[in-house]
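# Secondary and tertiary structure notes
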Amino acid sequence: MNRKNALAAGVAAALALGSVTMVATQSTAAPRPTAAAGASAGQPGAGFKAMTADARGEAIRTAGRNAAATARELGLGPDERLVAKDVLIDADGSRHVRYDRTYRGLPVIGGDLVVHFAEDGTITGSDLAHQGAVRIVGTTPKLTAADASAKAVKHAKHVKKAKASSKDSALVVYAVGKIPVLAYRSTVTGEGENGPASREAVIVDASSGAALDQYELHQSVTGTGNGVTVGQVSIETTQTAGGYTLTDAAHGGTIVYDSYNSPQSNPRQNARPFSKTTNSWGNGTSSSRESAAVDASYGLAKTWDYYKDSFNRSGIRNDGRGARAYVHVDNSLVNAFYDDNCFCMYFGDGSSQNGNTPVTAVDVAGHEMSHGVTAATANLTYSGESGGLNEATSDIFGTMVEFYANNAGDPGDYYIGEKLNMSGGSLRRMDNPAADGRSLSCWNSGAGSVDVHLSSGIGNHFFYLAAEGTGAKTIGGRSHTGTTCNNDTFAGIGKDKAAAVWYRALTTYMTSTTNYAGARTATLQAAADLYGANSQERYLLSKAWAAVSVGTALPDPGTGTPTPSPSTPTPSPSTPPSGNALTNGSFEQGTSGWTQSDSIITNSSLQAARDGSWYAWMMGYGADAIESLSQSNVAVPSTGTPKLTFWLKVSTQESGSTAYDTLKVNVNGATLATYSNADASSGYVQKTVDLSAHRGQTVKLEFTGTEDTYLSTIFLLDGITIG
């Protein structure tokens, strides 16, 4: 069974019994049973059951015992292993098992996946960051670790005066692109936004040393603070023989440390826990080192409680363990960040730019802790569009924590870091991200190329519109504007429902490589799970996505889309076609207008577009595979000699004139042209297909690719037009 068919067939692993059952499904992510059509009540906890730490641990161990069988039935290769990372159980008993992947013992970047099981162990779908099996030529690199570190230093763009030694580079398989490659993941250190010890990950090809990806390792909120923000509050502490410590036993044993201005390169260097003989902490100003610790302790506790009360999640990793927090890190550090390597959070003291105010506001604490939740679930890669989604997720839940805390001194709103005394009033705004003159409010084809803190604006804007709808509002005493990118107007579904959808999408359907189009798919599926496939909630979410230029709105389930009358005559050659002109033939609007069987439309730097940044990458697996890219309701001109014109580049490992791997051009199911590995070219070549037989008709245009078991052929498409 080839990997495409294996994925389509699906697997079933009865987690409790360890048995495996095959069932037939139509896709790798077949919709699971949804809430009743039109249902709006929703399900508590984003649909998930509460689990004790022991129950969760046993569920993960059971998933691990079934991992080998699951990998075989998914069609993964003999050199691949699945490592169970998390298990979520729905109220109806369905399970969602998240796996990481290794190849011959090497971590696979972009190899994570989620397998969805019904209560009886039958699979209902799967979501894979990389479709199908991982295959690479070998695991012996041409470059040494020292070579890779040297290349990484040259490629680093987020830090200056970069440094890296051989021990800072490790072999991995990089499967974020269409074709997995052997690579090194290198950690370089230098001067950057996070100070003189900023870190950056650089992925380089283990053969050529070419840069494949790079991103900052400290996922941070940068800006300035505005003093102690929470006022007089109750915090959880622990009594000891000599007094009290800032150890929060009610929230997994979270401990707040005084870093004593240890450098960013080692924030724990001088650190020690806060302790004293009395149980009264801080004085409400930064003159007391305890005051910032009160802010951090309060914010982290409220974040824990929000996730627990809203989603039955117990801590960052859902295992009941609290993380460590360090305040007073470095000197003049206007920053806060989460580090998954040490499972801890760091908070700076601010600088003279903001009156030396600690960066410890409630939404900042919620933002940083939420980076940990993302790392423990979808683990969205911190670059490109997935990096923007990573930041947006932290902004979304940091904002929800602020609403949940309901602190009189910091009422909930959709401004990020508004208590940090920013010159512009906040770090970011979710209702109008572009108000800062830099962030993106609307998706465009270059969204994956800007800083993740700026591209997060797309996700933030979507969430605000989904929650609050359009129009001007005053929330938390602050002015909010619900403007859209398409001038649409609509109501929101409420922030709690919107957050439940985002959390379920993050934990159940998103993977490390999810982009904005994928986030739309994930949230619409999550909304169907919670509120019904024909619910107003799902419909309004689709309108919110369309309002930030991601996809189009679904038909209104209240009115529906009229079905054409059976008596409507079929257009004849003399009747103007009823369809639309070909949409987005340049692919610069991403997937808009197209239906794809896989992640075909891309702006990956591993191949080149003919024009712009986006193109369609079909095939290239070097194994049995089938792909399709189509657009329906396309109007063929009714006069002249209509033609389909497109640019095609064919790269192949095959030799000779025999057609082993093919790309067919189909119109209404009939093949009009076929190209193959025998048409290999060094660059893009313009192709033309006569559409005279379809003059004046409305048609479905489809490109279908087929690849055999041996050697790969890549077909790149760009600049598709009909005229």
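Scroll up a little and you will see the structure.
Just so we're clear, the structure is a prediction, and the values are computed from it rather than from any experiment. (Residues numbered from 1 in each chain as written. Predicted model: local features only at pLDDT ≥ 70, side-chain atom pairs only at ≥ 80, totals over all residues. Heavy atoms only, no water.)

## Structural notes on the packing of helix H5 (residues 289-311) against helix H7 (residues 384-405)
Axis separation between H5 and H7 bottoms out at 9 Å; the angle between their running directions is 95°. As judged from the angle between their axes, H5 and H7 are roughly perpendicular. Within the contact between the two elements, H5 uses Tyr-298, Gly-299, Lys-302, Thr-303, Asp-305, Tyr-306, Tyr-307, Asp-309 and Phe-311 and H7 uses Phe-397, Met-400, Val-401, Tyr-404 and Ala-405. For the contact of H5 with H7, the residue count by class is nine nonpolar, two polar and three charged. (Axes fitted to C-alpha atoms, helices over the stretch in contact; angles between N-to-C directions. Helix = DSSP H or I, 4+ residues; strand = E, 2+ residues; numbered from the N terminus. Parallel < 35°, antiparallel > 145°, perpendicular 65-115°, else oblique. Contact = heavy atoms within 4.5 Å. Nonpolar A, V, L, I, M, F, W, Y, C, P; charged D, E, K, R; others polar.)

## Comments concerning the state of the cysteines
According to the stated counting rule, one finds two disulfides in the structure shown. Two residues share a disulfide in this structure: Cys-342 and Cys-344, whose sulfurs sit 1.6 Å from each other. Disulfide Cys-342-Cys-344: torsion about the S-S bond near -65°, hence left-handed. Disulfide pairing is shown between Cys-442 and Cys-485; the S-S distance is 1.8 Å. Residues Cys-442 and Cys-485 are joined through a disulfide that is left-handed, its torsion about the S-S bond being -95°. Residue Cys-442 is located in the loop between strand S24 (428-429) and helix H8 (452-468), and its partner Cys-485 is located in the loop between strand S26 (478-482) and helix H9 (495-508); the two are separated by 43 residues in the primary sequence. Taken in N- to C-terminal order, the disulfide-linked cysteines of the chain are connected 1-2, 3-4. (Disulfide = S-S within 2.5 Å.)

## Describing helix H10 (residues 516-531)
Given 3.6 residues per helical turn, the α-helix brings residues three or four places apart onto the same face. The end-to-end C-alpha distance of H10 is 22 Å, a good match for the 22 Å that 16 residues give at a rise of 1.5 Å each. Most of H10 sits out of view: 13 of its 16 residues are buried. Backbone geometry just downstream of H10 places Gly-532 in the positive-phi region, at approximately 110°. (Expected span 1.5 Å × (residues − 1). Buried < 20%, exposed > 50% of the residue type's maximum accessible area, 1.4 Å probe, protein only.)

## Regarding the nonpolar core
Core analysis: the biggest nonpolar cluster contains 120 residues, and Phe-463, Leu-644, Phe-646, Phe-703, Leu-717 and Ile-720 have the highest contact counts within it. The dominant element in this core, judged by the number of residues it contributes, is H5, at ten residues. (Core = buried A, V, L, I, M, F, W, Y, C linked by side-chain atoms within 4.5 Å.)

## Digging into the pattern of salt bridges
The full count for this structure, using the stated rule, is 21 salt bridges. Residues Asp-86 and Arg-56 are paired through a salt bridge, measuring 3.1 Å at the closest nitrogen-oxygen approach. Of this pair, Asp-86 sits in strand S3 (residues 80-89) while Arg-56 sits in helix H2 (residues 53-65), and the two are 30 residues apart along the sequence. For Asp-86, a relative accessible area of 3% translates into the label buried. In this structure, Arg-429 and Asp-431 form a salt bridge, with 2.8 Å as the shortest nitrogen-oxygen distance. (Salt bridge = Lys/Arg side-chain N within 4 Å of Asp/Glu carboxyl O.)

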